[in-house]
Amino acid sequence: MRNEQDALSLVRASLKEDEEVRQSLFGTVHLPFMSARRKRKGLLVATNQRLAFYTQQFGTETFDSYDYEDIDAIETRHHYAHGQQVVVQQDGHEQILSAIESSNIFDCVHFVQQKI
């Protein structure tokens, strides 16, 4: 997965038939579970039905999705080492996307804030 367009084409296979991508951000997903490598290039995708984080590496895919009503908050942060971040909070846990290569960060966050 080299860029946002590659990631979007892979994500579409995981979407429901009536689901449409409305916003997406490409960057580094901080995986919430223990693994040898806790950060992977990936995509945050906001659809008309849910929010999801997608990664693929060495044949392993992750697709963590959240119904909008289950999300407590979404915000942007600036981290000294990782740059601009998008942080999704749900049930006391955070899912983070950093090193964002997309230019529409605030449009995406605003879209999700309107959904939750």
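Brief notes about helix α1 (residues 4–11)
Piece 1. Among the residues of α1, those classed as buried are Ala7, Leu8 and Val11. The buried side chains of α1 occupy one side of the element, clustering within an arc of 100° when seen end-on.
Piece 2. Summarising the contacts, the buried residues of α1 are in contact with β1 (21–30), β2 (39–47), β3 (50–57) and β4 (60–67).

Let's talk about the pattern of salt bridges
Piece 1. In total, this model carries five salt bridges according to the counting rule given.
Piece 2. With a closest N to O distance of 3.4 Å, Arg22 and Glu20 form a salt bridge.
Piece 3. For Arg22, a relative accessible area of 41% gives the class partly exposed.
Piece 4. Owing to a relative accessible area of 46%, Glu20 belongs among the partly exposed residues under this scheme.
Piece 5. The residue Glu94 makes a salt bridge to Arg77 at a minimum N-O spacing of 2.7 Å. Residue Glu94 is found in strand β7 (residues 93–98), and its partner Arg77 is found in strand β5 (residues 73–79); the two are separated by 17 residues along the sequence.
Piece 6. For Arg77, a relative accessible area of 28% gives the class partly exposed.
Piece 7. Several salt bridges share partner residues, and in doing so they unite Glu75, Arg77 and Glu94 into one network.

Topic: the confidence of the model for the protein chain
Piece 1. Residues with a pLDDT of 70 or more make up 93% of the protein chain, whose mean pLDDT is 85.
Piece 2. α1 is the least confidently modelled element of the protein chain, averaging 78 in pLDDT, while helix α2 (residues 105–115) averages 94, the highest of any element.

Considering the environment of Asn104
Piece 1. Considering the arrangement of structural elements, one finds Asn104 in the loop between β7 and α2.
Piece 2. Using a relative accessible area of 22% as the deciding quantity, one classes Asn104 as partly exposed.
Piece 3. As a C-alpha pair, Asn104 and Leu25 span 79 residues in sequence and 7.4 Å in three-dimensional space.
Piece 4. Those residues in contact with Asn104 that sit more than four places away from it in its chain are Gln23, Ser24 and Leu25.

Concerning the packing of aromatic side chains
Piece 1. Under the counting rule described, the total for this entry stands at two aromatic pairs.
Piece 2. With 6.3 Å between their ring centres and 90° between their planes, Phe53 and Tyr66 make a pair best called edge-to-face. Taken as a pair, Phe53 in strand β3 and Tyr66 in strand β4 lie far apart in primary sequence, 13 residues in all.
Piece 3. On the basis of relative accessible area, Phe53 is assigned to the buried category, the value being 1%.

Topic: the nonpolar core
Piece 1. Judged by nonpolar contacts, the single largest core of 20 residues is most densely connected at Leu25, Leu44, Leu51 and Val86.
Piece 2. Sorting the residues of this core by element identifies β1, β2, β3, β6 (83–90) and α2 as the ones contributing at least two each.
Piece 3. Sorting elements by how many residues they give to this core places α2 first, with five residues.
Piece 4. Once you skip the residues sitting within four places of it in the chain, Leu44 turns out to touch Gln23, Ser24, Leu25, Leu51, Ala52, Phe53, Val86, Val88, Leu97 and Cys108.
Piece 5. Ala7, Leu8, Leu15 and Leu43 belong to the second largest nonpolar core, which has nine residues in total.

Conventions used here
- Residues numbered from 1 in each chain as written.
- Predicted model: local features only at pLDDT ≥ 70, side-chain atom pairs only at ≥ 80, totals over all residues.
- Heavy atoms only, no water.
- Buried < 20%, exposed > 50% of the residue type's maximum accessible area, 1.4 Å probe, protein only.
- Helix = DSSP H or I, 4+ residues; strand = E, 2+ residues; numbered from the N terminus.
- Arc of directions from axis to C-beta.
- Contact = heavy atoms within 4.5 Å.
- Salt bridge = Lys/Arg side-chain N within 4 Å of Asp/Glu carboxyl O.
- pLDDT = per-residue confidence, 0-100.
- Phe/Tyr/Trp six-rings, centres within 6.5 Å; stacked < 30°, edge-to-face > 60°.
- Core = buried A, V, L, I, M, F, W, Y, C linked by side-chain atoms within 4.5 Å.

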